[in-house]
Amino acid sequence: MGNSEHPSNVLDLGYARVSTTKQPLDRQLDALAGQGIPDERIFVDKKTGASVERDGLKRLLTYARPGDVVVLHTLDRLGRNLREVLGLVHELAERGTGVRTLADPLPINTAEEGTARIAFLLIAPLLRCLCCSSVLPTPPCSRAAGLAKLSGSRRSPAPHATTSRDYAHGRRR
């Protein structure tokens, strides 16, 4: 896998990685083959993703030309470290090489959409976590309902009338 001669036309190049030699590559290789990528253009590593020093990845980066697209099962196959993944995607984009994923919840294709979508997709879960955390004080009625639920009661105490202005000033009625 991973031939060193590059044809003159634009190509899809596959990359598959597992963290240990005991893990199978079959699912990733089947997905790449299903996209019509021949074995000679699929680059493979069976090594931890904590390091960018991987033979298959080195061969892929050497082989890739402007206009080519690196196809991955999921974006995390480039590495486990977010900084390194973004660095590799950025490096490929600067060279004119795209990145496309097959099984991510929102597929990525930098060849068609640019790299901004990756940034959005990586920031979206962070924003969701921030929005779900308790940024504002919990309203008394919600707090009472939660306490009633914990104590096993079916009824929560009657909620107090509270305005948004009270929350802004940290007041409770």
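Predicted model, so just to flag it, every value in this text is computed and none were measured.

A. Structural view of the overall build of the protein. Within the protein one finds 7 helices and 4 strands. Taken over 173 residues, the protein has a buried fraction of 33%. With an accessible surface of roughly 11,000 Å², the protein has 55% of that area assigned to carbon and sulfur atoms.

B. Spotlight on the environment of Q23. Mapped onto the secondary structure, Q23 falls in the loop between β1 (12-18) and α1 (26-34). Judged by its relative accessible area of 36%, Q23 falls in the partly exposed class. Along the primary structure Q23 and K46 are separated by 23 residues, whereas in three dimensions their C-alpha atoms are 8.1 Å apart. Excluding anything up to four places from it in sequence, Q23 contacts V18 and K46. Only 2.8 Å separates the side chain of Q23 from the backbone nitrogen of S19, close enough to count as a polar contact.

C. The sheet that holds strand β2 (residues 42-46), seen in detail. As summarised here, the arrangement of the 4 strands in space is β2-β1-β3-β4, forming an open sheet in which the pairing is parallel. The sheet terminates laterally at β2 and β4 (98-101), the two strands that pair on one side only. Taking the axes of each pair of neighbouring strands and ignoring which way they run, one obtains an average angle of 25° across the sheet. As paired elements, β1 and β2 share 5 bridges and run parallel to each other. When the sheet's bridge partners are listed, A16 is paired in β2 with V44. Of the strands in this sheet, β1, β2 and β3 (69-72) touch α1, which is tilted by about 170° from β1. Helix α2 (residues 55-63) rests against β1, β2 and β3 of the sheet, and its axis sits at about 155° to β2.

D. Structural context of the pairing of β4. Judged by which residues are buried, β4 turns out to be covered on both faces: G98 and R100 on one side and V99 and T101 on the other are all buried. Bridge count for β3 against β4 is 4 bridges, and the pairing is parallel. Considered in β4, the bridge of V71 is made with R100. Read as a crossover between parallel neighbours, the route from β3 over helix α3 (residues 82-94) to β4 is right-handed.

Cut-offs applied
- Residues numbered from 1 in each chain as written.
- Predicted model: local features only at pLDDT ≥ 70, side-chain atom pairs only at ≥ 80, totals over all residues.
- Heavy atoms only, no water.
- Helix = DSSP H or I, 4+ residues; strand = E, 2+ residues; numbered from the N terminus.
- Buried < 20%, exposed > 50% of the residue type's maximum accessible area, 1.4 Å probe, protein only.
- Areas by Shrake-Rupley, 256 points an atom, 1.4 Å probe, with all protein chains shown as cover.
- Contact = heavy atoms within 4.5 Å.
- Polar contact = N/O pair within 3.5 Å; in protein donor to acceptor, adjacent residues only side chain to side chain.
- Pairing = 2+ DSSP bridges.
- Axes fitted to C-alpha atoms, helices over the stretch in contact; angles between N-to-C directions.
- Right-handed = clockwise from strand over helix to strand, strands pointing away.

Coordinates in, geometry out; function isn't part of it.
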